[in-house]
Amino acid sequence: LEHRVNMKAPITRSDITHGWLEYILSDYESRREDVDSAAVSVRNFKARLTPSCKDGDGFVGDIVKVVVQATIFRRVQDDESSQDTEYNFVVKLECTDPMHQYYFHMTGFYIREHLMYTEVIPELNQFQEEKVNDAYRIEMPKCIYSKCEDGEFVLVLENLTSEGFSMHSKEISIGLNEVKLIIDQLVRLHAVSYAYNTYFKLLNKFPDLSNTDYHRHISYIKTAGTIDTLVDLLKQKKGQDILAKKMKNSRQHLIQKAKDLQDVNQTHKILCLNHGDPHANNILFKHKTLEDGTKLIDCIKVLDWQMAQWNTPIYDLQYMINTITSPEFRKTNLNDILNYYHSMFTEITDKLGTPVAHWTYDVFQKEYSKMDLFGFVIGIFSNAEQSSGSAKRTMDSVRSHKKASILWKTMMYNISKLMTRFIFTPVVNKFITNDLKWKLQPVIDDIVSGREPVLASKILGSVVEADEKGLFD
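Here the residue numbering is sequential within each chain, running from 1 through the sequence in written order. For this predicted model, a pLDDT threshold of at least 70 governs which residues receive local features, and a threshold of 80 or more governs which side-chain atom pairs are given and counted, while totals over whole chains, interfaces and linings are taken from all residues. To obtain the side-chain values, all non-hydrogen atoms of the structure were included, while hydrogens and water were left out.

The protein chain goes by CHK kinase-like domain-containing protein in an unreviewed UniProt entry, where it is assigned to Meganyctiphanes norvegica.

## Some thoughts on the overall build of the protein chain
Helix and strand counts for the protein chain stand at 17 helices and ten strands. Split into buried and exposed, the 473 residues of the protein chain put 54% on the buried side. Under the DSSP-based scheme used, a helix requires at least four consecutive residues in state H or I and a strand at least two consecutive residues in state E, with every element numbered from the N terminus. Type-normalised accessible area, obtained with a 1.4 Å probe on protein chains alone, sets the label of each residue: buried when under 20%, exposed when over 50%, and partly exposed for intermediate values.

## Overview of the environment of Gln441
With respect to the helices, strands and loops of the structure, Gln441 is situated in helix 16 (residues 426-449). As a C-alpha pair, Gln441 and Asp232 span 209 residues in sequence and 9.0 Å in three-dimensional space.

## Topic: the packing of helix 4 (residues 176-200) against helix 11 (residues 327-351)
Axis angles are defined between N-to-C directions and span 0 to 180 degrees, where every axis is a line fitted to C-alpha atoms and, for a helix, only to the segment in contact. Interaxial distance between helix 4 and helix 11 falls to 9 Å at its minimum, and their mutual angle equals 35°. In this structure, helix 4 crosses over helix 11, and the sense of that crossing is right-handed. Seen from helix 4, the contacting residues are Leu176, Val179, Lys180, Ile183, Asp184, Val187, Arg188, His190, Ala191, Val192 and Tyr194; seen from helix 11, they are Phe329, Asn333, Asp336, Ile337, Tyr340, Tyr341, Met344, Phe345, Ile348 and Thr349. By residue class, the composition of the contact of helix 4 with helix 11 is 14 nonpolar, three polar and four charged. Crossing chirality is assigned from the near helix's rotation relative to the far helix, an anticlockwise turn below a right angle marking it left-handed and a clockwise turn marking it right-handed. Any two residues whose heavy atoms approach within 4.5 Å at even a single point are treated as in contact. Think of it as three bins: nonpolar holds Ala, Val, Leu, Ile, Met, Phe, Trp, Tyr, Cys and Pro, charged holds Asp, Glu, Lys and Arg, and polar takes everything else, Gly as well.

## Side note on the packing of helix 3 (residues 109-132) against helix 4
At a closest axis distance of 10 Å, the pairing of helix 3 and helix 4 adopts a crossing angle of 80°. By the angle class used here, helix 3 and helix 4 are roughly perpendicular. Side by side, helix 3 and helix 4 meet where Met116, Ile121, Glu123, Leu124, Phe127, Gln128 and Lys131 of the first sit next to Leu189, Val192, Ser193, Ala195, Tyr196, Tyr199 and Phe200 of the second. Any angle that falls under 35 degrees is termed roughly parallel, while one over 145 is termed roughly antiparallel, one within 65 to 115 roughly perpendicular, and all others oblique.

## Topic: the packing of aromatic side chains
Each Phe, Tyr or Trp ring (for Trp, its six-membered ring) is paired with any other whose centre lies within 6.5 Å, and the angle between the two planes then decides the class: stacked below 30 degrees, edge-to-face above 60, tilted in between. This structure, assessed with the given rule, holds 20 aromatic pairs. Note on Tyr194 and Phe345: the rings are 6.0 Å apart at their centroids and 55° apart in plane angle, and the pair reads as tilted. Placement of the pair is Tyr194 in helix 4 and Phe345 in helix 11, with a sequence separation of 151 residues. No difference in accessibility class separates Tyr194 from Phe345, as the two residues are buried. Pairing Tyr315 with Tyr319 gives two aromatic rings, centres 6.2 Å apart and planes at 45°, and the pair type is tilted. Taken together, the residues span about one helical turn, with Tyr315 and Tyr319 both in helix 10 (residues 313-324) at a distance of four residues. A relative accessible area of 9% means that Tyr315 is categorised as buried. One aromatic cluster is present, formed by Tyr194, Tyr341, Phe345, Trp359, Tyr361 and Phe364 through successive ring pairs. Just above the ring of Tyr340 sits the side chain of Lys180; from NZ or CZ to the centre is 5.1 Å. The criterion is that NZ of a Lys, or CZ of an Arg, lies within 6 Å of the ring centre and within 35 degrees of the ring normal, and then a charge sits over that ring.

## Some points on the pairing of strand 2 (residues 63-76)
Any two strands with at least two DSSP-identified bridges between them are counted as paired. The pairing of strand 1 (residues 37-49) with strand 2 spans twelve bridges and is antiparallel. Following the sheet pairing, Ala38 is matched in strand 2 by Arg74.

## A look at the environment of Ala308
Tracing the backbone shows Ala308 in the loop between strand 9 (295-302) and strand 10 (309-311). For Ala308, a relative accessible area of 0% translates into the label buried. For the pair Ala308 and Met116, spaced 192 residues apart in sequence, the C-alpha to C-alpha distance is 7.8 Å.

## Some points on unusual backbone geometry
The phi angle at Gln77 is positive, at roughly 55°, despite the residue not being glycine. Residue Asp134 is not a glycine yet carries a positive backbone phi of 65°. Inspection of the secondary structure puts Asp134 in the loop between helix 3 and strand 4 (143-149).

## Let's talk about the confidence of the model for the protein chain
pLDDT is defined as a per-residue confidence score from the predictor, taking values between 0 and 100. Within the protein chain, residue pLDDT values average 86, and 88% of them lie at 70 or more. When the criterion is pLDDT under 50, residues 52-58 qualifies, and its contacts beyond four places in sequence or with other chains add up to 22 contacts.

## Quick notes on the sheet that holds strand 2
Strand order in the open sheet formed by five strands is 1-2-3-5-4, and the pairing between neighbours is antiparallel. Only two strands of the sheet have a single neighbouring strand rather than two, namely strand 1 and strand 4. Within this sheet the neighbouring strands show an average axis-to-axis angle of 25°, counted without direction. Relative to strand 3 (residues 79-93), strand 2 runs antiparallel, the two being bridged by 14 bridges. Opposite Arg75, over in strand 3, you have Glu80 as the bridge partner. Across the face of the sheet, helix 1 (residues 18-30) comes into contact with strand 1, strand 2, strand 3, strand 4 and strand 5 (152-158) while running at roughly 130° to strand 1.

Written out as structure tokens, the structure is:
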């Protein structure tokens, strides 16, 4: 393996070779605790883009499914053995669009995901295992290999679809049991990281997981782009003129409030590690079938950790609830969900020896309500961004760069660097806001034309819900 230590990470599917596969799989097998050394010889492999790269699934970089037939050679003390086996995994490649590429490196998306799979979650799981005998394990796909250094990124994970996991259908509403299963995983991440931080100060060890000024700034820019898009949409919907005018008049107030909400250190009592992007496409469900044919969710696993950040747990909770559930669902079940989350958080922190007596349910509920604007904006933005029309516009832009010249890519990369230097200026803010509106324009077309009835119900229902809460007053 030594001569392959500096092998470059693949950039495209065609860069996935026998040699690279033998290197990462030998490294993976050598890390097993029950062997002294191991090497893998690849006999054959197939690599293809997965169907999950289709428009609307929220991926920017390519996801490649790889099936490998290989032989493992192991050494345990003086005994040597070999075994034929098949590997089934997915390779997450770096985005080739130069603007997204620079953005992901600059914001720390790649290093965050690399750390979460290789160090952070394993350490948190070891911590809770020692404290409570593995009662609150944080579930995620098994990491086979990860590299994030010198401007390179690649992530290799077990292929959970081959184990029976799948995304939830966008056409079917998520029920209360599914939401509670998702909460089970989020609250473990939140409570275990909170407890770990009490003992060891997590950010001292993993400073890349800090919530930066840049992340907070982008959050409020999303507010401006989302509000502008909604005003344009409501103007085209019959009978919504008054609400459109109300939203337009409250635009500056909402943007300022979005800025204020980002100051989490002064406004929230509990801070912990957040997933940062817990929408439905980042959660895989595994079902089991009962004797009567009924299908129930057996377990879930959370993936795509590139937006992991130190924040209030309300961030993840508002994000998940407003992107995954419908306004009708929230009207009936929100109190039940919040009660369930709070009771689980206090139970876990108590058992880990870090009780949060000061974080009563009343305090928690007020903090949740204070973040309603964030939940509204991220719910609208995330659902709209993953609509077929909006996602197609983003993906077409990304794919166009695959055939672009090196000169063009270099120029776009440098433009991104220049824009980042002036990210806090009004001119760049206006540019980014207009870019967001351009990407979301197909959502207006799809809703007005009736092509996206489920999306229309979610978005328009969320606007009415926000108005009833007084967000536009």
